[in-house]
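# Examining the three-dimensional arrangement
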Amino acid sequence: MQKRIKRFQRLASFRKKDISKEINNSHLVQNEINKNESLIEQINNIMESSKNNSSNKVINSGYFKNNAQLVTTLQSQKNIASNRNKYLLLEKETIRKKIAINNLKKVKAEEKAIEYKRLLMSELEKKSNQ
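This text gives an overview of the structure that appears in the document. If you're wondering where the values come from, they're calculated on a predicted model, not measured in any experiment.

## Considerations on the overall build of the protein
Tallying secondary structure elements over the protein gives two helices and zero strands in all. Expected size for 130 residues packed as a compact globule is a radius of gyration near 14 Å; at 29 Å, the protein overshoots this value by more than 25%. With the C-alpha coordinates of the protein rotated into their principal frame, the extents come out at 105 × 15 × 15 Å. Considering the protein as a whole, with its 130 residues, one finds that 22% of them fall into the buried category.

## Remarks on the side chain of Lys 106
As for its position among the elements, Lys 106 is in helix α2 (residues 61-129). For the buried residue Lys 106, which engages in no salt bridge, the nearest side chain bearing the opposite charge is Glu 110, 4.1 Å off. Excluding its chain neighbours within four sequence positions, the residues that come into contact with Lys 106 are Ala 12, Arg 15, Lys 16 and Ile 19.

## Points about the side chain of Ser 26
Within the secondary structure layout, Ser 26 lies in helix α1 (residues 2-52). Those residues within four positions of Ser 26 in sequence are excluded, and the remaining contacts are Lys 92 and Ile 95.

## So, the environment of Gln 9
You can see Gln 9 is positioned in helix α1. Distance from Gln 9 to Ala 109, taken between C-alpha atoms, is 6.9 Å for residues 100 residues apart in sequence.

## A short note on the pattern of salt bridges
Enumeration according to the criterion identifies five salt bridges in this entry. With its nearest N and O atoms 3.8 Å apart, the salt bridge here joins Glu 110 to Lys 16. Of this pair, Glu 110 sits in helix α2 while Lys 16 sits in helix α1; the two residues are 94 residues apart in sequence, bridging distant segments of the chain. On the basis of relative accessibility, which here comes to 27%, the residue Glu 110 falls in the partly exposed class. What makes Lys 16 partly exposed here is its relative accessible area of 46%. With a shortest N-O distance of 4.0 Å, Arg 96 and Glu 93 are connected by a salt bridge. With Arg 96 and Glu 93 both in helix α2 and three residues apart, the pair spans about one turn of that helix.

## Re the nonpolar core
Ile 5, Phe 8, Ala 12, Ala 109, Ala 113, Tyr 116 and Leu 120 together form the largest nonpolar core, which totals seven residues. Mapped onto this core, the elements with two or more residues apiece are α1 and α2. The element best represented in this core is α2, accounting for four residues. For Phe 8, the contacting residues outside a window of four places in its chain are Ala 109, Lys 112, Ala 113 and Tyr 116. Among the nonpolar cores identified, the runner-up in size contains six residues, and Ile 19, Ile 33, Leu 88 and Ile 99 belong to it.

Quick notes on the rules
- Residues numbered from 1 in each chain as written.
- Predicted model: local features only at pLDDT ≥ 70, side-chain atom pairs only at ≥ 80, totals over all residues.
- Heavy atoms only, no water.
- Helix = DSSP H or I, 4+ residues; strand = E, 2+ residues; numbered from the N terminus.
- Rg over C-alpha atoms; globule rule 2.2 N^0.38 Å.
- Buried < 20%, exposed > 50% of the residue type's maximum accessible area, 1.4 Å probe, protein only.
- Lys, Arg positive; Asp, Glu negative; His and termini not counted.
- Salt bridge = Lys/Arg side-chain N within 4 Å of Asp/Glu carboxyl O.
- Contact = heavy atoms within 4.5 Å.
- Core = buried A, V, L, I, M, F, W, Y, C linked by side-chain atoms within 4.5 Å.

Structure below.
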């Protein structure tokens, strides 16, 4: 009986460690999401500033070509950052699910350990009363 109690206590402590690892992973993913959103915002600002710099004057063809290349490069970088952001959000949701599952498993293991402790105590009481 005591082996079962220790087994479920160890299982609960392993689940606590798993939860703390997943929480740490969640924080890391959130930091990456914040960096990615900042990058997207910076790209948007650069693209807006390049649009605002053009005026009604005649534009040099070389300048137009360079500006067009810059905008297409920035747009592709923005698309990559947006796709990465979507992936990170899905990963964060997966981590949240893992945390919830591990938390439930930890609670169940703790409940089993308490249940076995009660059984052990009742058995010891029966033996002492005899």
